[in-house]
Amino acid sequence: MESQPMQPRQVLVVDDNPDDRALVARALRAEFPQAALREIADAAALEQAFAEGGFDAVVTDYQLLWSTGLQVLRTVRQRFPDVPVVMFTNTGSEEVCAAAMREGLHDYIVKKAHHFVLLPAAVRSGLAVVEARRSVRANARALQAALAAGKSAGSGAERADRR
């Protein structure tokens, strides 16, 4: 049975450049026509989006007029640990990329005209990783519960054997 590709319900597009936001939104809409894309142009809009929550992924530029993509990443990781973040920038560096990846960035894409098409795959991949992590956590909880139940049953059987 083939599974359906991951589809986000809402994606935050964080960039202070309206032309770049529009290009990112166009690339994401082509692949995710049902998704709500929330374009974030300033700190107030970003804080409002964080307060409301409900988004599945974040695509952010690195150099923002009010902050950096690293700070956006840190805030998302702290407040929404299961939301993948993709950085799409032309102002970063290998050092920025490495630092961001160490802090939990899902993907880093250099902002070039022919790279916009990579964004949907990066978002979809991030969603798949999040789903896999959730599945692993659920399986670990089930295993722990089964082991605990088996241990309880085993100690009861040991007591019966001693009689």
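Structure shown above.
Residues numbered from 1 in each chain as written. Predicted model: local features only at pLDDT ≥ 70, side-chain atom pairs only at ≥ 80, totals over all residues. Heavy atoms only, no water.

Draft legend 1. Representation of empty space enclosed by the protein in the model. The tally for this structure, following the rule as stated, stands at one cavity of 30 Å³ or more. If you add up the space inside the largest cavity, you get close to 40 Å³. In terms of lining residues, the largest cavity is bounded by V13, V14, D15, V24, V59, T60, D61 and F88. Of all the secondary-structure elements, those providing two or more residues to the lining of the largest cavity are β1 (10-14) and β3 (57-60). (1 Å grid on protein atoms, 1.4 Å probe; cavity = no way out; pocket = protein on both sides within 12 Å on 5 of 7 lines; lining within 4 Å. Points joined across faces, edges and corners; volume = space filled by probe spheres on them. Helix = DSSP H or I, 4+ residues; strand = E, 2+ residues; numbered from the N terminus.)

Draft legend 2. Examining helix α4 (residues 94-102) more closely. Inspection of α4 places V96, A99 and A100 among the buried residues, and these make up the whole buried set. The arc that holds every buried residue of α4, seen down its axis, measures 100°, which confines them to one face. Those residues of α4 that are exposed and aimed more than 90 degrees away from the buried face are E94 and R102. Here the buried face of α4 lies against α3 (69-79), β4 (85-89) and β5 (107-110). (Buried < 20%, exposed > 50% of the residue type's maximum accessible area, 1.4 Å probe, protein only. Arc of directions from axis to C-beta. Contact = heavy atoms within 4.5 Å.)

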